[in-house]
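Topology and contacts: notes
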Amino acid sequence: MSGEIKSAAKKQPVPINRTSEIIKSRSKLPIIGEEQVIMEAISENDVIIVVGETGSGKTTQVPQFLYEAGYSNGNKLIGVTEPRRIAAISVSQRVAEELNETSDIVSYLIRFEGNAGPNTKIKFMTDGVLLKEIQNDFLLKNYSAIILDEAHERRVFSDILIGILSRIVRLRQKRANPLKLIIMSATLKVDDFSKNQKLFPQPPPIIELSSRQFPVTIHFNKKTPHDYLDEAYKKIYKIHSNLPAGAILVFLTGKLEVKQLVSKLRKAFPYRETDSKIGVNTKCKAEKKKEIGKPLPEINLDDYDIEMHSEDELILSENSSADEDDDDDDEVPSKIMKFSSSPLWVLPLYSMLPAHKQSKIFEPPPPGCRMCVVSTNVAELSLTIPNVKYVVDCGKTKIREYDPLTSVSRFSVVWESKASANQRAGRAGRTSPGHCYRSYPSLFSSALFNDEFPEWNLPEIQTTPIDNVILQMKSMKIDKITSFPFPTPPDKQTILGAENRLVTLGALEVDKNVAEINNITPLGKSMAAFPLSPHYAKMLCLSKDRSLLQYMLFIISAMSVQEYLPGDNVEAWKKTKLSWANKGEFLLLGDLMVILRSMGGASHAMKKSGLGGLQDYCTKTGLHKKSILEAWKLNNQLINQLNINVPSLKLNTDLDMTPPTPIQVKQIRQIVLAGMLDRVARRLTTNELNRNGIRPNKAAYYASNLTEIVYIHNSSVLKKSKPEWLIYQEIFQVQDKMYIKGLTAIEPEWLPVYANRLCKTLKVLDDPTPRYDEETEKMFCTVNATYGQAGWSLPQAEIE
Ligand code: CDP
Ligand code: MG
């Protein structure tokens, strides 16, 4: 009885004091009419699915519905998970504003920062943050509801969260305070959740929001362009010069492309402070004239050559394409200016863009300017840009591909899915009828769109390495991964392969009692704390004991940066490496030595004379400044994480570095071996070279787990010295030859010690008893052993 009173009291509605402006903008959202339906469904079911077009108001409104209905009463939290950090921040600010509350009440928490505190009622966070919270409190007792946003994106972490939350909801069902789970998706492809009996035995109700979509006319290119970036530029140019007012939204595949195009457009249509003052009367006359009630021409822009600029002028502007690095600078207007009608308010948009820059898309452009947002696919499903009338779609998207052979994942650009193409086009019809220009020919009759464009994007869990995910799940005490309710399970072989690799690394160990189950080891637990691939995480965990952290942090952050260290000046970089390649002991670190010297030299230059000094250093050596800056950023993030995990370390983010001593060099090589123990290469003997018809001076190697012969890549500083035993970071194929790079020399007698799980001991040679080492207080014995499946024989080694 008292329980009933308590729970009834809990759901007292909370009065909200919204401004009239907010009330007005909310009333336009399709979701507002569905509030009652949604809230009734939530109160009657533990799990519901809300489906609605991007921009229908899911992300900003559903948390408010719950808050208003009293779900945060009694010190309970409403949690919202976002796949992107940037969305968590910006939406928390927006919702606070709409509710007229402070960031104390509506807060966010992402990997290394946040403003959530004891007063927080609505908490926006990344998927990873909620996963970590579940590790500490499996029942999520502080939460009354979890909203899982953007579930359609099918990120690995959100898939796993759905699996775990389906269990938590069931466990909380019988308690006084059940947990509500709201899964939100921008596409109707929710069968993997709703019809998956392992996940939800009772299919959860799906609430479909009506979309307020105006017709969008699709225009196709006559042929697939060679360079879609250039094609997009020309299209924007034509739209802006010829078509009525309305924002332009451009879809490209990555941040670098976005920056390139933004810079080019800003040059072609420069905007200056004064433009907004005089703009309406002078500069933007053309714009203004067109705006007034002129119907949109129903023609394909490709055939649209009124006021077209001659090819020369376009080429002229292409040549003036700016340095990608300084897109924020005021650039010198190029000659093309005289043809442009009015300033274009060009904004970049990608997920790593700082929040304050990203939020510019929600603000109106300066008077008389047309807004043009150049975006990666973040604008496809998770952000709504107001007043978009024209969409320019390059037709491609960047996906991450994983090669199980080399355990390396790469980004590649592929055709977008049909679902993506439709979503992108839909962005043009939110406020009025719109137009979408696709960079490929109309293909309804031809095979390309039908055969080559996938129907939907694949769930991430099927396209990325899952070693790290499995480790995370194990650290959450999920024992049997193969029976976990994944929305789309990876195949059993993939899971077992990942578990085996983790056993080899020492992060998991086979359970003595239950076959088929691997338990997490203490090392595995420490590794799971880092957002890194398990190989790198292990290297970091091992360095903690050895006070080599600074070096390891530099190495790992530099290797994790997507665009590798060297810049465009290949010649300068070659010279630099050559001048570094003569240092005795240090050279044994191989390509990691190059990383350490680069990072160390750059830090020194930065410390001495700031960014200018860094730029000079990079120009001189041929290093890539941006990669260095990114690596430092990651370095600092890892240091923060280390300080959280091990407060006694008290690391500071000072970038100073003295070169490692010979002993430290040896220790670093051993740690790299321990982390990369399954990526060992052995040089072919003279006999083997002969047998394979390879010239004796070639740097030819056998790599573990591979039957083909691999060669040291030209980029490696170890190409000349060809050490007999190596660790490699990467194998890749160019035409029909395989290359290794990212190399470090190791000693074969270290293998039985640091890669013992891959070694077979053939014979213990000590007679009669093992040796006792007084310094380390450990027993040692001498063994004969072999490494790997091929059974490479090793020299005699001492093991504990
Ligand atoms: O989640 P969904 O895509 O369904 O919509 P939403 O993100 O809740 O967006 C609803 C409206 O709020 C859109 O018109 C956005 O432009 C606007 N919004 C905003 O003004 N500022 C934000 N930070 C986020 C959304
Ligand atoms: Mg949303």
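Going by the structure above, here's the rest.
Being a predicted model, the structure only gives us computed values, none of them experimental.

So, how was this worked out
Residues numbered from 1 in each chain as written. Chains lettered and ligands numbered in written order. Predicted model: local features only at pLDDT ≥ 70, side-chain atom pairs only at ≥ 80, totals over all residues. Heavy atoms only, no water. Helix = DSSP H or I, 4+ residues; strand = E, 2+ residues; numbered from the N terminus. Buried < 20%, exposed > 50% of the residue type's maximum accessible area, 1.4 Å probe, protein only. Contact = heavy atoms within 4.5 Å. Polar contact = N/O pair within 3.5 Å; in protein donor to acceptor, adjacent residues only side chain to side chain. Pairing = 2+ DSSP bridges. Axes fitted to C-alpha atoms, helices over the stretch in contact; angles between N-to-C directions. Parallel < 35°, antiparallel > 145°, perpendicular 65-115°, else oblique. Left-handed = near helix turned anticlockwise from the far one by under 90°. Salt bridge = Lys/Arg side-chain N within 4 Å of Asp/Glu carboxyl O. Right-handed = clockwise from strand over helix to strand, strands pointing away. Phe/Tyr/Trp six-rings, centres within 6.5 Å; stacked < 30°, edge-to-face > 60°. Lys NZ or Arg CZ within 6 Å of the ring centre and 35° of its normal.

Right, let's talk about the overall build of the protein for a bit. Assigned secondary structure in the protein consists of 29 helices and 30 strands. The burial tally for the protein puts 54% of its 800 residues in the buried class. Long-range contacts, defined as pairs at least 24 residues apart, comprise 73% of the intrachain contacts of the protein with a sequence gap of at least 6.

Counting buried residues in helix H21 (residues 534-544) gives nine out of eleven residues, a clear majority hidden from the surface. By the burial criterion, the buried members of H21 are Pro534, His535, Tyr536, Ala537, Lys538, Met539, Leu540, Cys541 and Ser543. Looking at the buried side of H21, the elements it contacts are helix H18 (467-475), helix H19 (492-505), helix H20 (522-528), helix H22 (549-560) and helix H27 (662-675).

Tracing the sequence through the fold places Arg370 in strand E12 (residues 370-375). Taking the relative accessible area as the measure of exposure, Arg370 reaches 2% and is therefore buried. C-alpha separation for the pair Arg370 and Val346, spaced 24 residues apart in sequence, amounts to 8.3 Å. A polar side-chain atom of Arg370 sits 2.9 Å from the main-chain carbonyl oxygen of Gly246.

Here strand E20 (residues 700-703) shows a buried face lined by Ala700 and Tyr702 and a second buried face lined by Tyr701 and Ala703. For strand E19 (residues 680-683) and E20, the ladder comprises three bridges, and the chain directions are antiparallel. Of the residues in E20, the one forming a bridge with Ala681 is Ala703. Where E20 meets strand E21 (residues 709-712), three bridges bridge the pair, whose relative direction is antiparallel. The residue bridging Tyr702 from the neighbouring strand is Ile709, located in E21. In this structure, the hairpin formed by E20 and E21 is closed by a connection of five residues, where Asn705 is found at a positive phi of approximately 65 degrees.

With that settled, consider the packing of helix H3 (residues 35-44) against helix H4 (residues 58-68). The interhelical angle for the contact between H3 and H4, taken along N-to-C directions, is 65 degrees, at an axis separation of 11 Å. By the criterion of interaxial angle, the relationship of H3 to H4 is roughly perpendicular. Note that H3 runs across H4; the crossing there is right-handed. Residues Glu35, Ile38, Met39 and Ile42 of H3 pack against Phe65, Leu66 and Glu68 of H4.

Once that is clear, we can look at the pattern of salt bridges. Applying the stated criterion across every chain yields a total of 25 salt bridges. With a closest N to O distance of 2.8 Å, Arg424 and Glu380 form a salt bridge. With a gap of 44 residues between them, Arg424 in helix H16 (residues 418-426) and Glu380 in helix H15 (residues 378-381) connect regions that are remote in the sequence. Note on Arg424: relative accessible area 0%, which makes it buried. Across the pair Arg682 and Glu688 runs a salt bridge, and its minimum N-O distance is 3.1 Å. As far as burial versus exposure is concerned, Arg682 and Glu688 are alike and both buried. Salt bridges here are not isolated pairs; linked through shared partners, they connect Glu380, Asp393, Glu416 and Arg424.

Take the sheet that holds strand E25 (residues 744-745) next. In space, the seven strands of this open sheet follow the order E23-E24-E21-E20-E19-E22-E25, with mixed pairing throughout. On the outer flanks of this sheet lie strand E23 (730-734) and E25, each paired with one strand and no other. Two strands pair when backbone bridges link them, and E19 and strand E22 (residues 725-727) are joined in this way by three bridges, in the antiparallel orientation. Pairing of Val680 across the sheet is with Ile727, part of E22.

This next bit is on the pairing of strand E6 (residues 143-148). For E6, the tally of buried residues reaches six of six residues, placing the bulk of the element in the interior. By the bridge criterion, five bridges tie strand E2 (residues 77-82) to E6 in an arrangement that is parallel. If you follow Thr81 over to E6, its bridge partner there is Leu148. With four bridges joining them, E6 and strand E7 (residues 180-185) adopt parallel strand pairing. Opposite Leu148, over in E7, you have Ile183 as the bridge partner. Each parallel crossover has a hand, and the one from E6 via helix H7 (residues 156-173) to E7 is right-handed.

On to the packing of aromatic side chains. Summed over the entire model, instances satisfying the criterion amount to six aromatic pairs. Plain terms: the ring middles of Trp573 and Trp580 are 6.2 Å apart, the flat faces sit at 85 degrees to each other, and that makes the pair edge-to-face. For the cation-ring pair, Lys396 lies above Trp415, with the distance from its terminal atom to the ring centre recorded as 4.5 Å. For Lys737, the ring lying beneath its charged end belongs to Tyr711, and the centroid distance is 4.2 Å.

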